[in-house]
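One letter stands for each residue in the lines below.
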Amino acid sequence: MKVSVIGTGYVGLVTGTIFAELGHDALCIDSDGRKIDALEAGRIPIYEPGLDALIALNRKAGKLRFGRSIGEAMKHGQVVFICVGTPPLPSGAPDLSAIDAVSREIAKHLTEYRVIVEKSTVPVQTGEKVRVAIAKYAKAGAEFDVVSNPEFLREGSAVQDALNPDRVVVGAESDRARALMLELYEPFRNRTILTDIKSAELIKHASNSFLALKISFINAVANICELSGADVTQVARGMGLDSRIGAAFLNAGIGYGGSCFPKDVDAFVDISSRLGYDFHLLREVQRINQDQRDRFLKKIEAELWVVRGKKIGVWGLSFKPNTDDIRESPAIRICAALRDAGARVSAYDPKGAERAKEVLAGIEFADSAMAAVEGADCLAVCTEWDEFRKADMDKVKAAMAHPTVIDGRNIWDPAEMEKKGFTYRSVGRGAAGGPA
Ligand code: UDX
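We now turn to the structure provided with this report.

**A word on the pattern of salt bridges**
So, step 1. Throughout the structure, instances matching the rule amount to 30 salt bridges.
So, step 2. Where Arg-68 meets Glu-40, a salt bridge forms, and the shortest distance between an N and an O atom there is 3.2 Å. Residue Arg-68 is located in the loop between strand S3 (64–67) and helix H4 (70–76), and its partner Glu-40 is located in helix H2 (residues 33–40); the two are separated by 28 residues in the primary sequence.
So, step 3. Since its relative accessible area comes to 38%, Arg-68 is described here as partly exposed.
So, step 4. Of the charged contacts, one joins Asp-386 and Arg-389 as a salt bridge, the two residues approaching to 3.5 Å between their closest N and O atoms. With Asp-386 and Arg-389 both in helix H16 (residues 386–389) and three residues apart, this pair spans about one turn of that helix.
So, step 5. Take Asp-386: its relative accessible area is 46%, and that puts it in the partly exposed class.

Printed below as a string of structure tokens:
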């Protein structure tokens with residue numbers, strides 16, 4: 001099938017590539033010509049394991065092409081995906097101006113039937129607004145359908161997620177649109193659920209908010225573990241074995257970040273309130289998430305007594321491992337707070353440093369994990385990269401001025417760290433969790 005994708009950001013680029021991989025003829029367009037120049041020259045603007053190889057393979061096979069205009073996209077694809085950004089406004093509501101602009105441009109080029117799919121994460125009822133906008137600006141009688149097909153891929157495992165989705169949600173309201181969407185997603189037929197458009201939109205916000213809620217819940221439990229002497233990793237294991245609860249997303253830490261959870265929870269609270277419901281529960285999820293960072297900083301302060309003038313090595317800047325994405329990363333806020341408190345911060349991240357340099361002034365960026373801890377009074381671990389798990393902790397200890405490790409991601413075993421001679425604090429693991 002011929003499919004077009006508007007917007008070559010994270011979701012758009014992965015979506016277009018995966019459709020090509022599934023055997024479709026995909027065209028990805030972006031209004032930012034420099035992005036397209038780079039993609040055509042074989043440069044991939046994001047770090048995502050496996051994506052560059054898949055793009056190269058499918059371009060070579062002639063199944064994936066890039067373009068610059070919505071006109072091209074509308075001419076090419078029977079199904080046209082909108083994958084443009086919906087960044088948060090100060091109110092927490094998403095900025096839908098790019099969706100609006102794209103809808104009007106789509107309308108101008110609507111000469112034969114097209115299925116217009118919203119894949120960008122949008123509040124419930126946006127599909128209806130897109131339909132009205134297109135109908136308003138298109139020629140009378142122009143034929144189209146709007147479909148909601150939310151994306152659930154995770155950064156760092158986007159290719160795997162997209163090639164092996166738990167479910168494909170298609171919110172459509174005409175047989176014609178449903179048939180085309182089912183053909184497009186034929187390999188995932190047994191995992192596709194058909195819904196109305198509003199329900200599909202809500203599935204996305206509700207799913208991400210529920211996962212954020214799971215994280216905040218286990219972080220709250222971690223705090224109880226610290227106060228009572230229990231171990232949150234054991235509690236989470238015991239809870240997760242209940243198939244109704246599930247083991248995923250029960251890792252306590254310094255809170256969730258990234259381009260999705262913080263923004264989507266904000267947006268869900270905002271749309272709920274505009275519809276007349278105060279989603280208190282999600283406000284509390286947000287509050288607990290903020291609180292985790294503050295508790296982590298307090299643990300560092302408690303060990304160092306005075307932070308000013310101390311060297312603090314920070315391992316991890318990205319919001320999670322296997323990505324260079326630092327958006328809403330707890331690590332960035334933590335580095336900034338330590339810097340503001342007068343510490344000499346030396347941060348290292350396997351992939352995220354370049355992006356972090358753009359937003360973090362006044363800290364050092366080390367070339368290696370070892371360089372970051374050289375002469376350090378404390379090591380603060382913010383992201384659980386494999387490289388850190390595998391680090392030779394005897395060497396780390398020898399390099400530090402004092403072997404204090406504050407682990408925000410529970411990478412190591414507290415007993416082993418103590419045996420090695422570290423002062424070790426982690427999250428929610430009895431005495432090793434505190435003091436907070
Ligand atoms: C998320 C959703 O998982 C995905 O379905 C959606 O399409 C986009 O948003 P992503 O933001 O890429 O994906 O990352 P995810 O792996 O979900 O992690 C989000 C944050 O939660 C990270 O900061 C991570 O460190 C944190 N997290 C995750 C925890 O603190 N504990 C956990 O148990 C799981």
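**Some details on the site of the ligand**
So, step 1. In the neighbourhood of the ligand, 18 residues make up the surrounding shell, with Phe-152, Leu-153, Glu-155, Asn-251 and Lys-320 lying closest.
So, step 2. A distance of 2.9 Å is found between an oxygen atom of the ligand and a backbone nitrogen or oxygen belonging to Phe-319.
So, step 3. A distance of 2.8 Å separates an oxygen atom of the ligand from a polar side-chain atom of Lys-320.
So, step 4. Within the complex, 92% of the 660 Å² of free accessible area of the ligand lies under protein.
So, step 5. In terms of residue count, helix H9 (residues 197–228) provides more of the shell around the ligand than any other element does, three residues in total.
So, step 6. Each of two domains, domain 1 (2–195) and domain 2 (219–433), supplies a minimum of three residues to the shell around the ligand.

**What to know about helix H3 (residues 51–60)**
Working note: α-helix, 3.6 residues per turn, so residues spaced by three or four point in the same direction.
So, step 1. Considered for burial, the residues of H3 that qualify are Leu-51, Leu-54, Ile-55 and Asn-58. The buried residues of H3 occupy one face: seen down the axis, they fall within an arc of 100°. Turned more than 90 degrees from where H3 packs its buried face, Leu-57 and Lys-60 sit exposed.
So, step 2. Looking at the packing, one finds that the buried side of H3 touches helix H1 (10–21), S3 and helix H7 (158–163).
So, step 3. Phi for Gly-62, located one or two positions after H3, is positive at around 75°.

Thresholds, definitions, all that
- Residues numbered from 1 in each chain as written.
- Predicted model: local features only at pLDDT ≥ 70, side-chain atom pairs only at ≥ 80, totals over all residues.
- Heavy atoms only, no water.
- Salt bridge = Lys/Arg side-chain N within 4 Å of Asp/Glu carboxyl O.
- Helix = DSSP H or I, 4+ residues; strand = E, 2+ residues; numbered from the N terminus.
- Buried < 20%, exposed > 50% of the residue type's maximum accessible area, 1.4 Å probe, protein only.
- Near = heavy atom within 4 Å.
- Polar contact = N/O pair within 3.5 Å; in protein donor to acceptor, adjacent residues only side chain to side chain.
- Areas by Shrake-Rupley, 256 points an atom, 1.4 Å probe, with all protein chains shown as cover.
- Domains from an automatic or database assignment.
- Arc of directions from axis to C-beta.
- Contact = heavy atoms within 4.5 Å.

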